[in-house]
Amino acid sequence: MDFTFTEEQQAAAEAARAVFAGVAPDGVPSPSLVPGAVADDFDRALWTRLADADLLSLLLDPAYGGSGLDVIALCLVLRESAKVLARVPLLESSAAAVTVQAYGSEEARIDLLTRVGRGEVVLSVAAHGRTGHDPAELAVTAQRDADGAWVLDGVQTAVPWAYNADYIVVPATAVAGDAVLTEAQHSAMAPVGTDNVLLALIPRVHEGVVLAEQISTAGERLAELRLDSARIAARDVIDADGAWEGLRELLTTGTCALALGLGEGVLTMTGEYTGKREQFGHPIASFQAVAVQAADRYIDLRAMEATLWQAAWRISSGATGALPSAGDVAVAKIWASEGVRRVVQTAQHLHGGFGADVDYPLHRYHAWAKHLELSLGPAAAHEDSLGDLLAAHPLG
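Procedures and definitions
- Residues numbered from 1 in each chain as written.
- Predicted model: local features only at pLDDT ≥ 70, side-chain atom pairs only at ≥ 80, totals over all residues.
- Heavy atoms only, no water.
- Core = buried A, V, L, I, M, F, W, Y, C linked by side-chain atoms within 4.5 Å.
- Buried < 20%, exposed > 50% of the residue type's maximum accessible area, 1.4 Å probe, protein only.
- Helix = DSSP H or I, 4+ residues; strand = E, 2+ residues; numbered from the N terminus.
- Contact = heavy atoms within 4.5 Å.
- Expected span 1.5 Å × (residues − 1).
- Pairing = 2+ DSSP bridges.
- pLDDT = per-residue confidence, 0-100.
- Salt bridge = Lys/Arg side-chain N within 4 Å of Asp/Glu carboxyl O.
- Polar contact = N/O pair within 3.5 Å; in protein donor to acceptor, adjacent residues only side chain to side chain.

Student: Lay out the nonpolar core in plain terms, naming residues and giving numbers.
Tutor: Taken as a class, soluble globular proteins show a tendency for nonpolar side chains to be buried jointly. Counting 88 residues, the largest nonpolar core has Phe20, Leu50 and Leu262 as the members making the most contacts within it. If you tally residues by element for this core, the top one is helix α7 (residues 243-276), at 14 residues.

Have a look at this one:
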């Protein structure tokens, strides 16, 4: 495998490093210091700088003011953002925008994409289902009305940046207009009639849309999104095959990039600390027990990196393989969800009391890592998914 980045991808990463150089991790709001959400909004000043550096339009075509780059470039930027705990909806807005570009109506593309690239419109995605453990597309049902619009009902949990986004992309299962849900089907949100999955662009302020505040492990303001006969025009609904699958894989791969960047930031911090902290007249980094633990975490990060770029390359290139791209994404999730947890736990151990000191930034990284781990889900679940793929696509 050749993971050499193109000049354009490297330029995107360099631009990101320049923008994020002004973010101080110890100045990021701490969930340990406030009883509720750390802030009512994301970092708007940083968002403006990202727009000025053309980093909000990386994946958009030049026709919409974008750079026309790929998922790998976005992951490189996300990696840099996580090193400094940048509080911006870069992943969600970028993933939603490129999905609209690839599958959305011409009206939606013209109306949204240029403004998204300039940072004037913010997009988010509801991808966690009713509980965070069930498929998101089964949490909401959609029926056509007599005028051709779609009427959505259901609940999505833990929607990021919902209170600050202008539109939320919501997956839903299309059901027959005269379908009647049994009590068991309603509780499980099982699809009835067709099994088509739609993506609806829902305005944050809209009739039939209610947000209920939730707080993430990192202290960020999430929302439970409740839809009660929310009527969405056909131009704002994507019903193309593969749209939801592609968006879901992009969100997952981007989250793995965030986990990698956070882990690298933490290991760098740990190396600097253990190189200065002395016991018995020597830096603790020179002790074999410390060095071995740090080396193990370095191996975790390199595995996270290799599997991330494999997944990002499969999505970007559309290359075929023995397994669908979902297999590469599953492997990346396995390493990211386990790896980011191990890295921060080892860092806490090697920092001793400083790891829990709220005047030191490590506790912020620990909270963010836990949020990413929970967002990705347990490695065992991804191993089951990978096993199902292997069973369905035997390797010859």
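Student: Before we move on, could you go through the side chain of Arg109 and cite the residues and values that matter?
Tutor: Mapped onto the elements of the fold, Arg109 is located in helix α5 (residues 106-117). Arg109 gets classed as buried once you look at its relative accessible area, which sits at 16%. Those residues in contact with Arg109, other than ones at most four positions away along the chain, are Tyr64, Val100, Gln101 and Gly104.

Student: Any chance you could break down helix α4 (residues 90-103) for me, citing the residues and the numbers?
Tutor: In this model, α4 (14 residues) spans 20 Å end to end at C-alpha, consistent with the 20 Å of a helix rising 1.5 Å per residue. In terms of burial, α4 is a largely internal element, 12 of the 14 residues being buried. All of the buried residues in α4 are Leu90, Leu91, Glu92, Ser93, Ser94, Ala95, Ala96, Ala97, Val98, Thr99, Val100 and Gln101.

Student: Tell me about the pairing of strand β6 (residues 209-215), residues and numbers included.
Tutor: When β6 meets strand β7 (residues 221-232), the two strands line up antiparallel, connected through seven bridges. Bridged to Ile215 within β7 is Arg221. Connecting β6 to the antiparallel partner β7 that follows it, the hairpin turn spans five residues, and Gly219 within it adopts a positive phi of roughly 85 degrees.

Student: Just give me the short version of helix α10 (residues 362-376), but keep the residues and values in it.
Tutor: Between its first and last C-alpha, α10 extends 21 Å over 15 residues, near the 21 Å set by a 1.5 Å rise per residue. Residues Leu362, His363, Arg364, Tyr365, Ala367, Trp368, Ala369, Leu372, Glu373 and Leu376 constitute the buried set of α10. Those residues of α10 hidden inside the fold are in contact with α3 (71-83), α7, α9 (325-351) and α11 (379-392).

Student: An account of the confidence of the model for the chain is needed here, citing residue identities and associated values.
Tutor: Mean pLDDT over the chain: 92, with 94% of residues reaching 70 or higher. pLDDT under 50 marks residues 178-194. Its contacts with residues more than four places away, or in other chains, come to 25 contacts.

Student: Let's hear about the pairing of β7: which residues, and what values?
Tutor: Judged from the eight bridges that link them, strand β3 (residues 150-160) and β7 form a sheet pairing that is antiparallel. In the strand pairing of β7, Val151 is matched with Arg231.

Student: Now, about the pattern of salt bridges: what can you tell me, with residues and values included?
Tutor: This model, assessed by the stated rule, comprises 26 salt bridges. Here Glu338 makes a salt bridge to Arg342, at a shortest N to O gap of 3.5 Å. Within this pair, Glu338 and its partner Arg342 are both found in helix α9, separated by four residues, close to a single helical turn. On the basis of relative accessible area, Arg342 is assigned to the partly exposed category, the value being 22%. Sharing partners across several salt bridges, the network here consists of Arg17, Arg79, Glu80, Lys83, Glu264, Arg302 and Glu305.

Student: Can you break down the environment of Ala174 residue by residue, with the values?
Tutor: When you line up the elements, Ala174 lands in strand β4 (residues 167-174). By relative accessible area, which is 5% here, Ala174 ends up buried. C-alpha of Ala174 to C-alpha of Asp147: the two residues are 27 residues apart in sequence and 16 Å apart in space.

Student: Can you lay out the side chain of Glu220 for me, pointing to particular residues and giving the numbers?
Tutor: Mapped onto the elements of the fold, Glu220 is located in the loop between β6 and β7. By relative accessible area, which is 8% here, Glu220 ends up buried. There is a polar contact of 2.6 Å between the side chain of Glu220 and the side chain of Arg87.

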